[in-house]
Amino acid sequence: MQRLLAARTAEEQANHRLPSLAAGLARRGALVWSGGRGRIDGADGPVPDADVQYRAGSITKTFVAAAVLRLRDEGRLDLSDPVGQYFDAADVSHLTVGQLLSQTSGLRAETSGPWWERTAGAPFESLSQASLGPDARRYRPGRQFHYSNVGYALLGHLVSTVRNKPWFDVIAEELLAPLGMTRTTARPQTPHATGFAVHPHADLLLPEPEHDAMAMAPAGQLWTTVADLARWAGF
């Protein structure tokens, strides 16, 4: 079985032209196998293992959702509450917590302007002014599924507002620390994989920027490891 898993990892890394790849198999939250391929810093870096951080991307949203549901369980909010009950969300204050969680708010998928994952972040007030205006809604709330990164920025701000502390501090205290997820952070910590874009027609690696996305961070900024994700999956 270990040979098959190692072969599958090598196949995926080669077929998708990935600079590096770390993989693991978990059972009941315990990591029973892990492996890595490629180099985490380009051609000269080390081979990744289960303790090397990669950007988690939208897996970040699962932590934000859990933090929101903890507030619901404590009676601090209701899923039918409009977010405008807790803070000013400009023209989308009527959208409910439950609609944002389930991606049925109809809210725009991305921010206005340059792609937020490749540009410096801005505080929530700037996000509200630029991306939560009259044109922010794409569909009638509750009508259909429409994936929205902006929606999870709102949920992260909701967690911060109700708890009166930064969203990541809430996640770190309530989720990461109890689960022993010591290698899950808001910014990369060594050892971590460098972000690269792979040129579509040549074997060239183009470094991707790394920055604090600020208001948009709850949509996809966490960095984590295969070992930590095994604990999260078990939870």
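Scroll up to find the structure this text is about.
Attention in this report is confined to the structure presented alongside it. Worth saying up front: this structure is predicted, and the values here are computed from it rather than measured.

1. Section: the overall build of the protein chain
Here's step 1: Scanning the protein chain for helices and strands turns up 7 helices and 6 strands.
Here's step 2: Shown N-terminal to C-terminal, the secondary structure of the protein chain runs as helices and strands in the order α-β-β-β-α-α-α-α-α-β-β-β-α.
Here's step 3: Taking the principal axes of the C-alpha coordinates as reference, the protein chain spans close to 55 × 40 × 30 Å.
Here's step 4: Look at the contacts in the protein chain between residues 6 or more apart in sequence, and 70% of them connect residues 24 or more apart.
Here's step 5: Here the protein chain displays about 12,000 Å² of accessible surface, and carbon together with sulfur accounts for 52% of that area.
Here's step 6: Averaging the coordinates of the 23 positive side-chain charges in the protein chain and doing the same for the 24 negative ones gives two points 6 Å apart.

2. Section: the nonpolar core
Here's step 1: Of all hydrophobic cores here, the largest spans 46 residues; its most connected members are L107, L154 and L155.
Here's step 2: Secondary structure elements with two or more residues in this core: α2 (60-73), α3 (97-101), α4 (124-131), α5 (149-163) and α6 (167-179).
Here's step 3: With 8 residues, α5 is the largest single contributor of residues to this core.
Here's step 4: Leaving out residues up to four positions away in the same chain, L107 has contacts with V92, L95, L100, L132, A136, R137, R138, H146, S148, V150, G151 and L154.

3. A short note on the pairing of strand β1 (residues 20-27)
Here's step 1: Pairing between β1 and strand β2 (residues 30-38): 8 bridges, direction antiparallel. Pairing of G24 across the sheet is with S34, part of β2.
Here's step 2: The hairpin turn running from β1 into β2, its antiparallel successor, is 2 residues long, and R28 in that turn takes a positive phi close to 50 degrees.

4. A few points about the pattern of salt bridges
Should the charged atoms of two oppositely charged side chains come close, the side chains can pair.
Here's step 1: Summed over the entire model, instances satisfying the criterion amount to 14 salt bridges.
Here's step 2: Across the salt bridge formed by E208 and R118, the nearest N and O atoms sit 2.5 Å from each other. Here R118 lies in the loop between α3 and α4 and E208 lies in the loop between β5 (205-207) and β6 (223-224), a separation of 90 residues in the sequence.
Here's step 3: Exposure remark for E208: the relative accessible area of 25% places this residue in the partly exposed category.
Here's step 4: Counted as one network, the salt bridges with shared partners bring together R70, E74, R76, R163 and E174.

5. Some details on the packing of α5 against α6
Here's step 1: α6 packs onto α5 with a crossing angle of 75 degrees between their chain directions and a minimal axis gap of 8 Å. When the axis of α5 is compared with that of α6, the two are roughly perpendicular. Contact with α5, carried on its side by G156, V159, S160 and R163, involves W167, V170 and E174 of α6 and no other residues of that element.
Here's step 2: Class assignment for the residues of the contact of α5 with α6 results in 3 nonpolar, 2 polar and 2 charged.

6. Here we look at α6
Residues lying three or four places apart along an α-helix face the same way, a consequence of the helix completing one turn every 3.6 residues.
Here's step 1: Taking 1.5 Å of rise per residue, the 13 residues of α6 would be expected to cover 18 Å, and the 17 Å separating its terminal C-alpha atoms lies within 8% of that figure.
Here's step 2: The largest bend along α6 measures about 35 degrees and falls at E173.
Here's step 3: When α6 is considered as a whole, its buried residues turn out to be W167, F168, V170, I171, E174, L175 and L176.
Here's step 4: Structurally, α6 contributes buried residues whose contacts are with α2, α5 and α7 (226-234).

Criteria and thresholds
Residues numbered from 1 in each chain as written. Predicted model: local features only at pLDDT ≥ 70, side-chain atom pairs only at ≥ 80, totals over all residues. Heavy atoms only, no water. Helix = DSSP H or I, 4+ residues; strand = E, 2+ residues; numbered from the N terminus. Contact = heavy atoms within 4.5 Å. Areas by Shrake-Rupley, 256 points an atom, 1.4 Å probe, with all protein chains shown as cover. Lys, Arg positive; Asp, Glu negative; His and termini not counted. Charge placed at Lys NZ, Arg CZ, Asp CG, Glu CD. Core = buried A, V, L, I, M, F, W, Y, C linked by side-chain atoms within 4.5 Å. Buried < 20%, exposed > 50% of the residue type's maximum accessible area, 1.4 Å probe, protein only. Pairing = 2+ DSSP bridges. Salt bridge = Lys/Arg side-chain N within 4 Å of Asp/Glu carboxyl O. Axes fitted to C-alpha atoms, helices over the stretch in contact; angles between N-to-C directions. Parallel < 35°, antiparallel > 145°, perpendicular 65-115°, else oblique. Nonpolar A, V, L, I, M, F, W, Y, C, P; charged D, E, K, R; others polar. Expected span 1.5 Å × (residues − 1). Bend = angle between axes of the 7 residues up to and from the residue.

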